[in-house]
Amino acid sequence: MSKYKINYIIAFVLFLVSFVVYALTVQPSVPFWDCGEFIAVSYSLGVPHPPGAPFFIILGRIATLLPIAENIAKRVNLISAFVSALTVMFLYLITVRLILRWKPEPRTLVDKLAVYGAPIVGALTLAFSDTFWFNAVEAEVYATSLFLMSFAIWLGMVWFEKADKIESDRLILLIAYVIGLSIGVHLLSILTIFTLALIVYFRFRERIDLKSFTIMGVIAVGIFFLIYKVIIFWIPSMLDDMPAVPLIIAIAVSYGIYYAYQHRKRILFTFLMGVFLVFLGYTTYALIIIRANDRPAINENAPDNLVAFVKYLEREQYGEQPSPFKRRWSQEPTHQENYQKYSSDWDFFIRYQLNHMYLRYFLWNFVGRAGDIQDAPVAFIKAESGWGKASEFPNKYFALPLLVGLFGLYYHYRKDWKMFLSYLALFIVTGLGLAVYLNMPEPQPRERDYVFVGSFFAFAIWVGIGVSGLIELVAEAIKTEIRKVYAIAVLGVSIFVVPFNMLVQNWDDHDRSGNYVPWDYSYNLLQSCEKDAILFTNGDNDTFPLWYLQVVEGVRRDVRVVNLSLLNTDWYILQLKHEEPYGAKKVPISLSDNIIRRLGLVQWEPRDVSIPVSREVYEKFGIKDTSIINQGKITFRMPNTIQFGEIKAIRVQDIMVRDIIETNKWERPIYFAVTVSPDNFIGLDEYLRMEGLAYRVVPFKNPKGSPTFIHEDIMRQCLFNEPEGFYREPRYGFKFRNLDNPNVHFFETDRNLMQNYRNAFLKLAIYYYENNRDTSKVVEVLDRMESKIPNDVLPMDYRLRYDVARLYEIVGARDKFMKIAKEIEPIALEQINRDPMNIYGEYNPYVILVNLYEMMGEYQKAIDILNRVLVYYPQQYQHLIKDRIARLQAKINENKR
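Summary of the structure given here. Bear in mind that the values here come from a model prediction, so they are computed numbers and not experimental data.

1. Observations concerning the overall build of the protein chain
Reasoning step 1: Scanning the protein chain from terminus to terminus reveals 35 helices and twelve strands.
Reasoning step 2: The C-alpha atoms of the protein chain give a radius of gyration of 31 Å, which matches the 29 Å a tight globule of 897 residues would have.
Reasoning step 3: C-alpha extents for the protein chain along the principal axes are approximately 95 × 70 × 55 Å.
Reasoning step 4: Looking at the protein chain as a whole, 57% of its 897 residues qualify as buried.
Reasoning step 5: A sequence separation of at least 24 residues applies to 72% of the contacts in the protein chain between residues at least 6 apart.
Reasoning step 6: Carbon and sulfur atoms make up 59% of the accessible area of the protein chain, which amounts to about 38,800 Å² in all.

Below, the structure is given as structure tokens:
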């Protein structure tokens, strides 16, 4: 312990520094994506989506009981902050032990700087890197998984030094247990087996030969498949089909442990005990099947028996993983369309799966990132405007972490090629290996950089070794006493230009401390619904945060959230039909359980479909038109949603949406979230009235065919009644916390959702103009939209901004129109300069500028724009442009007179 005293002090300081940074920047409530589900199941001990994360759920449950933050979501988020800080600490400790391999007795100041100081740079580089920091401030499994991986590797390094002593076997057994526990978080940690196998091999083999190396490789692969296939999947499946087989295996392993202990068979005993401890750690999965039988509110896949449990582990609902040798495998139409951009599977793998979906992420973390919108490039590539807020991007590291890490990679190889190969295996398996295994189609719904964080961890080790190498090179070049000063300078400059610069560059766009968008948006969506509503949602971000609010915060538990993606599965439909979470009413479904279990794609030609409507229902909605009442039904054309060649079909979700609406008989309000794509409306588009952030299914058509088919009173209450706290019962009124705060970073998902808020404001404003010509209310609504969601904080697309400007002009708010028009002008000009051929559609930049200039009275500018677009217009339509130029010129001449 005394040998490493300074080592552990520095490690603890690094832990504190990292944790403080993460605690200051952690999401203050529920984040988007899977986090809402993980927090909700942690609080309620529910069952998350396959393949589950029971050990993470247990940790999350413990966190919910500790008074470490003001709300449950932040408490679970802080788990990631805590374990990420521990990961930084372990990376430091691992790097120190690696450097001690060639500097075992650091006595001089220079040596101590190289051994104990340089790894600080690598540790903090990881701490403040883009992906790692992102994972550290939200309740996802990747931070905990990487912590367990780093802990296992550090234990391996400690074992390496003590392997001659029999007590060291305890470390091997602890590693086995850690790997077993990690299965209950994420499978990333079992990839450490290959690095650990190399560490063990090099500990006992001074001379390396092909035969022994091959045997080691076979053993490593065998252990990997023993854990991945036999323990994780095969044994649970045998428990149902052939329970005697696992029993025989258990007896054999138990006897083998006893026999090995009695006869002092050290290797056999360690191996069998290791297998036992991996399985023991894996038993956290018992939580899944136990809780599934208790039917919690969130019970994905309902794995309450061994057959369902194995399907759950195998992620059966997501389909089988295709062979790695077939890269363009997906039959999804959007994927098939994108595949056409590539000449071969190999071309697709190199350009998309390797370059775009791994190397781009790698460079984000060690070169810099141009922005935070989907598919943003690396910082040194000239980025288009819109990649992120100008004040926050690009994040420039000047490639210094990359260069230092590459030097460290080389230096590690030169100094200790055996350990270098061990960590190169980690780098490759968690990077390139995962890129091959995951076989991701194009496009992805979100960035997937978090998957490769193990690879970034390995490279950060080389950053630390690289700084150590620089210190040693300086010391070798300068033999005098002054080399101490230069060594200190190298370390100081390295800390400043690498991790400190990364901290400064990344802080603003990784600081989530004021971001309440996921909580507020989900609350607003739920409060758009009447009591006992059925709400159809689309994906993770309009479902998981809602589950969190209902399960944890108790908000609007009367609303049955029906996720359309899950509505394609029988277990979910059966839960909706039979279960009443927190007393919420069952979802009305007429189909029998046996039919539900057999549902699949149904061949379907587009046809008219009718749903009966009683006179009482029309009266409830205030319909007095006898021509509508006498119809006694709504009729809509239900399209096909799937097509294979000439065969047209509909999905299970389409069948179920129709059945739920019909079976409900208009007794309970039914809504689609505004985020639901129109191709999920089953043809009901004309019968959807906007109320808050949801479209309500109503028994009458949009009367005017207007885009402003809204319930004016509900819309006004939602947009103008802002509660100070929040209500668990139905209460119209939206929260817009911090959307006017320029110091808060809003992610692309947050910014995109602002369109839904603004769309609601605009529809209400247009409604006032179209229906009662109340110009004062139009201005009031538009002004409130700007005050709650200011354009300079959350920029509005210039085309939507153009609509706002026109509304102000129409109702006579000239000053407001002119202000916005001046803001749109440079943006539209930039669009024209970037893409002068963008001439089609009523919202192309040429049309917008010409219309604005005409409304502003700047006719000559309008003519100049028209002359620019004239050369791109087809010959047969150029007369239209010339006619408008003539009209504008006439206005100029009239003004001169």
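Moving on from the coordinates now.
2. Brief notes about the sheet that holds strand 10 (residues 670–673)
Reasoning step 1: Strands sit in the order 4-3-10-12-11 across an open sheet of five strands; the sheet is mixed. Because the sheet does not close on itself, it has two edges, and the strands there are strand 4 (560–563) and strand 11 (688–691). The sheet shows a mean angle of 30° between the axes of neighbouring strands, taken without regard to direction.
Reasoning step 2: Judged from the three bridges that link them, strand 10 and strand 12 (residues 694–697) form a sheet pairing that is antiparallel. By the bridge assignment, Y671 is partnered in strand 12 with R696.
Reasoning step 3: Across the sheet, helix 27 (residues 652–664) lies against strand 3 (534–537), strand 10 and strand 12, angled at about 150° from strand 10, the strand it touches most.

3. Considering the sheet that holds strand 5 (residues 602–603)
Reasoning step 1: On the basis of which strands lie adjacent, the open sheet formed by three strands has the order 5-9-8 and antiparallel pairing. Strand pairing shows two members of the sheet lacking a second neighbour, strand 5 and strand 8 (642–644), which therefore form its edges.
Reasoning step 2: The pairing of strand 5 with strand 9 (residues 647–650) spans two bridges and is antiparallel. The partner of V602 across the bridge, within strand 9, is I650.

4. Here's the deal with the environment of V451
Reasoning step 1: Relative to the helices and strands, V451 is located in the loop between helix 18 (417–438) and helix 19 (453–477).
Reasoning step 2: Discounting chain neighbours no more than four positions away, the residues touching V451 are L434 and L438.

5. Considering the side chain of K763
Reasoning step 1: You can see K763 is positioned in helix 29 (residues 748–772).
Reasoning step 2: Leaving out residues up to four positions away in the same chain, K763 has contacts with M690, Y695, P707, T708 and I710.

6. A closer look at unusual backbone geometry
Across the chain, the bulk of peptide bonds are trans and the bulk of non-glycine residues have phi less than zero.
Reasoning step 1: With an omega of 0°, the peptide bond between P50 and P51 qualifies as cis.
Reasoning step 2: Within the secondary structure, P51 sits in the loop between helix 2 (35–44) and helix 3 (54–65).
Reasoning step 3: Here the amide bond leading from E442 into P443 is cis, since omega sits at 5°, within 30 degrees of zero.
Reasoning step 4: In this fold, P443 is placed in the loop between helix 18 and helix 19.
Reasoning step 5: One non-glycine residue with positive phi stands out, namely F398, at about 60°.
Reasoning step 6: As for its position among the elements, F398 is in the loop between strand 2 (395–396) and helix 17 (400–415).
Reasoning step 7: The backbone of D532 shows a phi angle near 60°, a positive value even though the residue is not glycine.
Reasoning step 8: Relative accessible area serves as the criterion here: at 14%, D532 is assigned to the buried category.

7. A word on helix 14 (residues 306–313)
Reasoning step 1: For helix 14, every residue scored as buried is listed here: A308, F309, V310, Y312 and L313.
Reasoning step 2: For helix 14, the elements touching its buried residues are helix 10 (210–241), helix 12 (266–282) and helix 13 (286–293).
Reasoning step 3: Two or three places before V307, at the opening of helix 14, N305 has a side-chain oxygen 3.1 Å from that residue's backbone nitrogen.
Reasoning step 4: Once helix 14 ends, the next one or two residues include R315, with phi positive near 55°.

8. Let's talk about the packing of helix 8 (residues 169–183) against helix 12
Reasoning step 1: Direction vectors running N to C along helix 8 and helix 12 enclose 25°, while the axes themselves pass 7 Å from each other. Taken as axis vectors, helix 8 and helix 12 run roughly parallel relative to one another. Crossing hand, helix 8 versus helix 12: right-handed. Contact with helix 8, carried on its side by D169, I172, L173, A176, Y177, G180, L181 and I183, involves R266, T270, M273, G274, L277, V278, L280, G281 and Y282 of helix 12 and no other residues of that element.
Reasoning step 2: In terms of residue class, the contact of helix 8 with helix 12 is made up of eleven nonpolar, four polar and two charged.

9. Quick word on the nonpolar core
Reasoning step 1: Residues Y22, Y92, Y423, F457, I471 and L567 are the most contacted members of the largest nonpolar core, which totals 305 residues.
Reasoning step 2: No other element matches helix 4 (residues 72–100), which puts 20 residues into this core.
Reasoning step 3: Discounting chain neighbours no more than four positions away, the residues touching I471 are V110, L113, A114, A118, A487, V490 and L491.
Reasoning step 4: Of all hydrophobic cores here, the second largest spans seven residues; its members include Y201, M216, A220 and A425.

10. Section: empty space enclosed by the protein
Reasoning step 1: Counted by the stated rule, this structure contains three cavities of 30 Å³ or more.
Reasoning step 2: Every element with two or more residues in the lining of the largest cavity is listed here: helix 22 (544–553), strand 4 and helix 23 (570–578).
Reasoning step 3: With four residues, helix 23 is the single largest residue contributor to the lining of the largest cavity.
Reasoning step 4: Considering only residue class, the lining of the largest cavity consists of 13 nonpolar, three polar and four charged.
Reasoning step 5: Roughly 80 Å³ of internal volume is contained in the second largest cavity.
Reasoning step 6: Around the second largest cavity, the lining residues are K620, F621, I661, N664, W666, R668, P669, I670, R696 and V697.
Reasoning step 7: Going through the elements one at a time, helix 27 and strand 12 are the ones with two or more residues in the lining of the second largest cavity.
Reasoning step 8: Here the lining of the second largest cavity is composed, by residue class, of six nonpolar, one polar and three charged.

11. A closer look at the side chain of R784
Reasoning step 1: Relative to the elements of secondary structure, R784 occurs in helix 30 (residues 775–788).
Reasoning step 2: Look at R784 and you get buried, because its relative accessible area is 15%.
Reasoning step 3: In contact with R784, other than residues within four places in its own chain, are L719, F720, E722 and F761.

12. Brief notes about the pairing of strand 10
Reasoning step 1: Side chains I670 and F672 project from strand 10 onto one buried face, and the interleaved Y671 and A673 project onto a second face that is buried too.
Reasoning step 2: With three bridges connecting them, strand 3 and strand 10 associate as parallel partners. The partner of L535 across the bridge, within strand 10, is Y671.

13. What about the packing of aromatic side chains?
Reasoning step 1: Inspection of the entire model under this criterion finds 68 aromatic pairs.
Reasoning step 2: Look at Y142 and Y450: their rings are 4.6 Å apart centre to centre, the planes differ by 50°, and that puts the pair in the tilted class. Of this pair, Y142 sits in helix 7 (residues 141–162) while Y450 sits in the loop between helix 18 and helix 19; the two residues are 308 residues apart in sequence, bridging distant segments of the chain.
Reasoning step 3: Given a relative accessible area of 8%, Y450 falls into the buried group.
Reasoning step 4: Taken together, the ring pairs in this structure connect Y358, Y361, F362, W364, F366, Y413, F420, F427, F452, F456, F459 and W462 into an aromatic cluster.
Reasoning step 5: The ring of W519 is capped by R737, whose NZ or CZ atom sits 5.2 Å from the centre of that ring.

14. As for the packing of helix 16 (residues 345–366) against helix 18
Reasoning step 1: Two elements in contact, helix 16 and helix 18, have axes separated by 9 Å at closest approach and are oriented at 140°. When the axis of helix 16 is compared with that of helix 18, the two are oblique. Crossing handedness for the pair helix 16 and helix 18: right-handed. Within the contact between the two elements, helix 16 uses F349, Q353, L354, Y358 and F362 and helix 18 uses F427, G431, L432, A435 and V436.
Reasoning step 2: In terms of residue class, the contact of helix 16 with helix 18 is built from eight nonpolar, two polar and no charged.

15. Remarks on the pairing of strand 7 (residues 633–638)
Every other side chain in a regular strand lies on the same face of the sheet, so the side chains alternate between the two faces.
Reasoning step 1: Covered by surrounding structure in strand 7 are I634, F636 and M638 only, the residues K633, T635 and R637 on the alternate face being uncovered.
Reasoning step 2: In this structure, strand 6 (residues 607–612) lies alongside strand 7, joined through six bridges in antiparallel fashion. Across the sheet, residue R607 finds its bridge partner in strand 7, namely M638.

What counts, and where the lines are drawn
For every chain, the first residue of the written sequence is number 1, and numbering continues from 1 along that sequence. Local features are withheld for residues below a pLDDT of 70 in this predicted model, meaning they are given only at 70 or higher, and side-chain atom pairs are given and counted only at 80 or more; totals for whole chains, interfaces and linings count all residues. Side-chain numbers here rest on the full set of heavy atoms in the structure, without hydrogens or water. Where helices and strands are cited, they refer to DSSP runs of H or I of at least four residues and of E of at least two residues respectively, numbered from the N terminus. For the radius of gyration, the atom set is restricted to C-alpha positions; the globular benchmark scales as 2.2 Å times the number of residues to the power 0.38. A simple rule labels every residue: compare its accessible area, found with a 1.4 Å probe on the protein chains alone, to the largest value its type can have, and call it buried under 20%, exposed over 50%, or partly exposed in between. Any two residues whose heavy atoms approach within 4.5 Å at even a single point are treated as in contact. The protein chains shown are the only cover counted for residues, whose accessible areas, like all others here, come from Shrake-Rupley with a 1.4 Å probe. At least two bridges found by DSSP between two strands is the condition for calling them paired. Think of each axis as a best-fit line through the C-alpha atoms, taken over the contacting stretch in the case of a helix, with angles from 0 to 180 degrees between the N-to-C directions. By the criterion applied in these results, polar contacts are pairs of N or O atoms within 3.5 Å in which, for protein atoms, one can donate a hydrogen and the other can accept it, and in which residues neighboring in sequence qualify only through two side-chain atoms. In what follows, roughly perpendicular refers to angles from 65 to 115 degrees, roughly parallel to angles under 35, roughly antiparallel to angles over 145, and oblique to any angle outside these ranges. Note: crossing handedness is left-handed where the near helix turns anticlockwise from the far helix by less than a right angle, and right-handed where it turns clockwise. Gly is placed with the polar residues, together with every amino acid not listed as nonpolar (Ala, Val, Leu, Ile, Met, Phe, Trp, Tyr, Cys and Pro) or charged (Asp, Glu, Lys and Arg). We define the nonpolar core as a collection of buried residues of types Ala, Val, Leu, Ile, Met, Phe, Trp, Tyr and Cys that are connected through side-chain atoms lying within 4.5 Å of one another. Here a cavity denotes a set of grid points, spaced 1 Å apart and computed over the protein atoms alone, in which a 1.4 Å probe fits but from which it cannot get out, and a pocket denotes an open set meeting protein on both sides within 12 Å along at least five of seven lines; residues with an atom within 4 Å of a point are reported as lining. Grid points are joined across faces, edges and corners, and a volume is the space filled by probe spheres set on the points. Aromatic pairs are defined between Phe, Tyr and Trp rings, using the six-membered ring for Trp, whenever the two ring centres lie within 6.5 Å; interplanar angles under 30 degrees are classed as stacked, those over 60 as edge-to-face, and all others as tilted. Put simply, a charge is over a ring when the Lys NZ or the Arg CZ is close to the ring centre, within 6 Å, and near the line of the ring normal, within 35 degrees.

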